[in-house]
Amino acid sequence: MKYYNILLLLVGSILMIDHQTIAQTNTSPTEEFQNRIVDSIYSETLGEKRDFWVKLPDNYNPENEEKYAVIYLMDGFSLESTLEAVYGNYWGHYLPHMILVGISNRSNRVRDLTTSQIKMRRGSEMDDETGGAENFTKFMEKELIPYIDSKYPTLAYRTLIGHSYAGLFTINMLMNHKHIFQNYIAIDPSLDWDNQKLLKEAKEKLSTESYEGKSLYVSLAAEQLHMWNEEITMENIMEDSSEFTLFARSIIEFSNYTQVQKQNGLNFAWKVYNEDLHGTVPLPTMRDGLIFLFEWYQFKSPQKYNNPATPIEELVVLLKQQEQIYTKHFGVPTAPMIDEMLNGYGYMNMQMGQPEKAFMFFEMNIKYNPTSDNAYDSMAEYYESQNDNVNALKYLQKAYEISGKEYYKERIEALNIK
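Per an unreviewed UniProt entry, the protein chain goes by Esterase and derives from Flammeovirga pectinis. Per UniProt, the comment on the protein chain under Sequence similarities (unreviewed entry) is "Belongs to the esterase D family."

Listed below in structure tokens is the structure:
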């Protein structure tokens, strides 16, 4: 295999890798697994079939033992491209490889996502069934999540994302079923529902219960306030008592209250998106929310990895610390970097004339990815750069044994001629 084409940009001392050019030049044998999978299960709880899609991470290989954290996205078929755009741009340094699951709420949405039964809303009669959130939670906990866990290599580290009614559902999940998910993103949540019923319940729980180990990010889209009444601003909105501002006031009241309840251990942040409408706020919220939820995942002292003067001993210590952080959060032994970045740093150090560092990164990639032909091929290239064809052949042979790719066979033959 040829060297990776690695784009290294030191922007704020952060390593950024081009996810397109980092891939192997030959077709991966697991290509079929890397695409979006549409599936469905019949729910005894709901009495109907429920559609969902699954997106496996780019490095997924059914032969590996690696397990992945999971993101569950409500309204998954509507917000699919939004989540994939954010995740596709930020995995690596900001986010780990994860399995994405998008749940359909195209039918019976109001029924499934609202937390109590009501007959009237905003002065109009409700035509839809309401108050089925607890039932839908049961479907997710007892049917959907076990199905996903049985079919895919998942960790019990889950993130839930919901917008509007699904944001209401997300906060209800945290308040009343916090054992199911670790992380929550509530996008412009409908906390005004049923005269702020969940908001009032949440205040009681947030003041008396522990949310240690849980994280919540909440957003509010404020642009629509100005479109309806230019006199309403974020500065004076809490002085208003109209039905029109109840939606926004409910989010503000919940967020301000949650922010000061430090004793419960909840990792919480919220943000007002002044330039966004209810329909546009999911994109920036998912970006900011996921970065906030996975702040612990981001590299410590990234500039030291990129600095040729950093001693290899210091890098080893940093990598060990990173490994401990990941293992603590995920609950299983976890590599200090994803495989693409271990390889990327290996090649970067080869190019910078730092062979000892390059070897360390390539060796670590093999340690954590022992069934990856690409990891052995990279080590072979390292040995070739050191004019050690004996060891280069050894690692190429291992890559060929794993994958059976003709490409490695041709390289072995070429090296034998030398």
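Picking up after the structure, the text goes on.
Visitor: Help me out: how do you make sense of the nonpolar core in this one?
Guide: Considering soluble globular proteins, one finds that nonpolar side chains tend to be buried as a cluster. Counting 60 residues, the largest nonpolar core has Tyr72, Met140 and Phe254 as its most contacted members. Once residues lying within four places of it in the same chain are set aside, the contact partners of Met140 are Met74, Ile103, Ile145, Pro146, Leu160, Phe169, Met173 and Phe181. By size, the runner-up hydrophobic cluster in this structure holds 49 residues, among which are Tyr87, Trp296, Ile312 and Leu342.

Visitor: Would you take a moment to explain unusual backbone geometry for this structure?
Guide: The backbone of Asp194 sits at a positive phi, close to 55°, despite the residue not being glycine. Looking at Asp194, the relative accessible area reads 24%, which means it is partly exposed. Even without glycine at this site, Gln196 takes up a positive phi of about 65°. Counting through the fold element by element, Gln196 comes out in helix α5 (residues 193-208).

Visitor: Can you walk me through the packing of aromatic side chains in this structure?
Guide: Aromatic ring pairs are described here by two measures, namely the spacing of the ring centres and the angle between the planes. Under the criterion given, the structure shown has 27 aromatic pairs. Taking the centre distance of 5.8 Å and the plane angle of 85° together, the rings of Tyr72 and Phe181 count as edge-to-face. Here Tyr72, found in strand β3 (residues 68-73), pairs with Phe181, found in the loop between α4 (165-176) and β8 (183-187); they are 109 residues apart in sequence, far enough to count as distant. Between Phe359 and Tyr383 the ring centres are 6.4 Å apart and the planes differ by 75°, which places this aromatic pair in the edge-to-face class.

Visitor: What is the right way to look at helix α11 (residues 339-351) in this model?
Guide: Along its 13 residues, α11 runs 18 Å from first to last C-alpha, staying within 8% of the 18 Å computed at 1.5 Å per residue. Burial runs high along α11: 12 of the 13 residues are buried. Looking only at α11, the buried set comprises Asp339, Glu340, Met341, Leu342, Asn343, Gly344, Tyr345, Gly346, Tyr347, Met348, Asn349 and Met350. Looking at the buried positions of α11, the neighbouring elements they touch are α9 (302-306), α12 (355-368) and α13 (373-385). At the C-terminal side of α11, Gly353 shows a positive phi close to 70°.

Visitor: When you look at the sheet that holds β8 in this model, what are you seeing that I'm missing?
Guide: Within a sheet, each strand pairs with its neighbour through backbone hydrogen bonds, oriented either parallel or antiparallel. If you walk across this open sheet you meet the 8 strands as β1-β2-β4-β3-β7-β8-β9-β10, and the pairing is mixed. Here the strands that pair on one side only, and so sit at the sheet edges, are β1 (36-43) and β10 (267-273). Going from strand to strand, the sheet's axes swing by 20° on average, the running direction of each strand aside. Across 7 bridges, strand β9 (residues 215-221) lies against β10 in parallel orientation. Considered in β10, the bridge of Leu220 is made with Val272.

Visitor: I would appreciate a short explanation of the side chain of Arg111 in the present structure.
Guide: Examined against the element boundaries, Arg111 turns out to sit in helix α2 (residues 109-113). Given the relative accessible area of 15%, Arg111 is considered buried. Apart from the residues within four sequence positions on either side, Arg111 is in contact with Leu46, Glu48, Arg50, Glu129, Thr130, Gly131, Gly132 and Ala133.

Visitor: I'm lost on the packing of helix α10 (residues 312-330) against α12 in this one. Help?
Guide: Packed helices, taken two at a time, are described by their axes: the angle between them and the distance between them. Contact geometry for α10 and α12: axes closest at 10 Å, N-to-C directions at 25°. In terms of their interaxial angle, α10 and α12 are classed as roughly parallel. Between α10 and α12 the crossing geometry is right-handed. Facing α10, whose interface residues are Ile312, Leu315, Val316, Leu319 and Glu323, α12 presents Glu356, Lys357, Met360, Phe361, Met364 and Tyr368.

Visitor: Whenever I open this one, the pattern of salt bridges confuses me. Can you help?
Guide: All told, the structure shown has 20 salt bridges when counted by the stated rule. A salt bridge links Arg411 to Asp377; the nearest nitrogen and oxygen atoms lie 2.3 Å apart. Placement of Arg411 in helix α15 (residues 406-417) and of Asp377 in helix α13 is noted, with a sequence separation of 34 residues between them. Classification of Arg411 by relative accessible area gives buried; the value is 15%. Residue classification places Asp377 among the buried positions, given a relative accessible area of 0%. When salt bridges with common partners are traced through the structure, they connect Glu48, Arg50, Arg111 and Asp112 into a single cluster.

Visitor: Sorry if this is basic, but what is going on with the pairing of β3 here?
Guide: Note on strand geometry: in a regular strand, side chains alternate between the two faces of the sheet. Extensive coverage of β3 is indicated by the burial of 6 of its 6 residues. Where β3 lies against strand β7 (residues 154-163), 5 bridges are found, and the strand directions are parallel. Bridge assignment links Leu73 to a residue of β7, and that residue is Ile161. Alignment of β3 against strand β4 (residues 98-103), held across 5 bridges, turns out to be parallel. Opposite Tyr72, over in β4, you have Val101 as the bridge partner. Viewed along the sheet, the connection from β3 through helix α1 (residues 76-90) into β4 turns out right-handed.

Each value, and the rule that gives it
Residues numbered from 1 in each chain as written. Predicted model: local features only at pLDDT ≥ 70, side-chain atom pairs only at ≥ 80, totals over all residues. Heavy atoms only, no water. UniProt positions renumbered as here; feature names shortened; annotations may be inferred. Core = buried A, V, L, I, M, F, W, Y, C linked by side-chain atoms within 4.5 Å. Buried < 20%, exposed > 50% of the residue type's maximum accessible area, 1.4 Å probe, protein only. Contact = heavy atoms within 4.5 Å. Helix = DSSP H or I, 4+ residues; strand = E, 2+ residues; numbered from the N terminus. Phe/Tyr/Trp six-rings, centres within 6.5 Å; stacked < 30°, edge-to-face > 60°. Expected span 1.5 Å × (residues − 1). Pairing = 2+ DSSP bridges. Axes fitted to C-alpha atoms, helices over the stretch in contact; angles between N-to-C directions. Parallel < 35°, antiparallel > 145°, perpendicular 65-115°, else oblique. Left-handed = near helix turned anticlockwise from the far one by under 90°. Salt bridge = Lys/Arg side-chain N within 4 Å of Asp/Glu carboxyl O. Right-handed = clockwise from strand over helix to strand, strands pointing away.

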